[in-house]
Amino acid sequence: DTEVTQTPKHLVMGMTNKKSLKCEQHMGHRAMYWYKQKAKKPPELMFVYSYEKLSINESVPSRFSPECPNSSLLNLHLHALQPEDSALYLCASSQIQGAAYEQYFGPGTRLTVT
Amino acid sequence: AQKVTQAQTEISVVEKEDVTLDCVYETRDTTYYLFWYKQPPSGELVFLIRRNSFDEQNEISGRYSWNFQKSTSSFNFTITASQVVDSAVYFCALSEWNQFYFGTGTSLTVIP
């Protein structure tokens, strides 16, 4: 089973709203990732969690707040977003964090900020 | 400098034609890994293949084949007898140490 699930599939939120994106995997992977992807661009890494600890934060604005409650779940809390934050947000997981390990991606959440 | 270059932004082929997607990478590491991902219009990136820097053996999986040449720093992907379902954006990626670099992607359209 190589499935990563994400909810919701689509999200429209105003600039004053607070919302959360959720990601789940049951492959026993110990590394989980958040990516942001704009149209016609490759995914850009936002955060990496390794063994439930934040390993990489790619200087993402504080209006994005990740959380890893356990080894299967990854959340991305959103607050006071800007219209330019509208994008596809992808979650991924890999066996562990390291160059040799392929990442498995979820279907993404298409976020629109109005 | 771009670590992974996919010079072909968009390619269109007629169904049943063969098509090759180019990928050129740049690294100073001796140990690194190369990947190909497919992103259909639905949005999910699908892992296709991983190749490590010590294994230059070409690989074939059904209609897909990959040609890895360290001498030219290339990891090209060929689809034989293309089908409409192959229409997608294809990303080549390089992984070294803890860094993962995507290329800019090649959008493939297969015309029925």
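Residues numbered from 1 in each chain as written. Chains lettered and ligands numbered in written order. Predicted model: local features only at pLDDT ≥ 70, side-chain atom pairs only at ≥ 80, totals over all residues. Heavy atoms only, no water.

Summarise the packing of aromatic side chains; cite the residues concerned and give the values.
Describing an aromatic ring pair means giving the distance of the ring centres and the angle of the ring planes. Summed over the entire model, instances satisfying the criterion amount to 23 aromatic pairs over all chains. Members of the aromatic cluster, connected to one another through ring pairs, are A:Tyr33, A:Tyr35, A:Tyr104, A:Phe105, B:Phe35, B:Tyr37, B:Phe47, B:Phe91, B:Phe100 and B:Phe102. Against the face of B:Tyr101 rests B:Lys3, its NZ or CZ located 5.3 Å from the ring centre. (Phe/Tyr/Trp six-rings, centres within 6.5 Å; stacked < 30°, edge-to-face > 60°. Lys NZ or Arg CZ within 6 Å of the ring centre and 35° of its normal.)

Let's hear about the pairing of strand β5 (residues 44–50) of chain A: which residues, and what values?
All names here are of chain A. Of all seven residues that make up β5, five are buried, and the element is covered over most of its length. For strand β4 (residues 31–37) and β5, the ladder comprises six bridges, and the chain directions are antiparallel. In the sheet register, Tyr-33 faces β5, and the bridge partner there is Val-48. Two strands pair when backbone bridges link them, and β5 and strand β6 (residues 53–57) are joined in this way by four bridges, in the antiparallel orientation. Of the residues in β6, the one forming a bridge with Val-48 is Ile-56. Counting the residues between successive antiparallel strands, the hairpin from β5 to β6 contains two residues, one of them, Tyr-51, with a positive phi of roughly 50°. (Buried < 20%, exposed > 50% of the residue type's maximum accessible area, 1.4 Å probe, protein only. Helix = DSSP H or I, 4+ residues; strand = E, 2+ residues; numbered from the N terminus. Pairing = 2+ DSSP bridges.)

Provide a residue-level description of the state of the cysteines, including the pertinent values.
The final tally for this structure, using the stated rule, is two disulfides over all chains. Disulfide pairing places A:Cys23 opposite A:Cys91 at an S-S distance of 1.8 Å. For the disulfide bridge between A:Cys23 and A:Cys91, the dihedral angle about the S-S bond is near -70°, and by the sign convention the bridge is left-handed. With A:Cys23 in strand β3 (residues 18–25) and A:Cys91 in strand β9 (residues 87–94), the pair connects residues that are 68 residues apart, well separated along the chain. Judged by relative accessible area, A:Cys23 falls into the buried class, the value being 2%. Of the residues examined, A:Cys91 reaches a relative accessible area of 0% and is grouped as buried. B:Cys23 shares a disulfide with B:Cys92; S-S distance 1.9 Å. (Disulfide = S-S within 2.5 Å.)

Tell me about the sheet that holds strand β1 (residues 4–7) of chain A, and please be specific about residues and values.
All names here are of chain A. As summarised here, the arrangement of the four strands in space is β1-β3-β8-β7, forming an open sheet in which the pairing is antiparallel. Since the sheet does not close on itself, it has two edges, and those belong to β1 and β7 (64–70), each with one partner. Within this sheet the neighbouring strands show an average axis-to-axis angle of 20°, counted without direction. With seven bridges connecting them, β3 and strand β8 (residues 73–79) associate as antiparallel partners. Across the sheet, Leu-21 pairs through a bridge with Leu-76, a residue of β8. (Axes fitted to C-alpha atoms, helices over the stretch in contact; angles between N-to-C directions.)

Outline the interface of chain A and chain B, listing residues and values.
Taken together, the 20 residues of chain A in the interface contact 20 residues of chain B. Counting each side, the surface lost to burial between chain A and chain B is near 1,600 Å², with a carbon and sulfur contribution of 55%. Looking at the side of chain A facing chain B, the largest losses of area belong to A:Ala99, A:Glu102 and A:Phe105, adding up to 32% of the total buried there. At the surface where chain A touches chain B, the tally comes to one salt bridge. At the boundary of chain A and chain B, one finds six residue pairs in polar contact (both at pLDDT 80 or more). Looking at the side of chain A that touches chain B, the elements with two or more residues in it are β4, β9 and β10 (104–105) of chain A. Partitioned by chemical class, the residues of the side of chain A that touches chain B number twelve nonpolar, five polar and three charged. (Contact = heavy atoms within 4.5 Å. Buried area = accessible area lost by both parts, 1.4 Å probe. Salt bridge = Lys/Arg side-chain N within 4 Å of Asp/Glu carboxyl O. Polar contact = N/O pair within 3.5 Å; in protein donor to acceptor, adjacent residues only side chain to side chain. Nonpolar A, V, L, I, M, F, W, Y, C, P; charged D, E, K, R; others polar.)

Explain the layout of surface pockets to me, and be specific about the residues and the numbers.
When its volume is computed, the largest pocket comes out at roughly 500 Å³. Considering the residues around the largest pocket, the lining is formed by 22 residues, among which A:Ala39, A:Lys40, A:Lys41, B:Gln39 and B:Val89 are closest to the centre. Residue assignment for the lining of the largest pocket shows that the elements contributing at least two residues are β9 of chain A together with β10 (88–96) of chain B. For the lining of the largest pocket, the per-class residue count stands at eight nonpolar, nine polar and five charged. Contributing to the lining of the second largest pocket are 15 residues, with A:Pro43, A:Glu44, B:Phe100, B:Tyr101 and B:Phe102 lying nearest its centre. Of all elements in the fold, only β5 of chain A together with β11 (99–102) of chain B reach the threshold of two or more residues within the lining of the second largest pocket. Broken down by element, the residue count for the lining of the second largest pocket peaks at four residues, all from β11(B). (1 Å grid on protein atoms, 1.4 Å probe; cavity = no way out; pocket = protein on both sides within 12 Å on 5 of 7 lines; lining within 4 Å. Points joined across faces, edges and corners; volume = space filled by probe spheres on them.)

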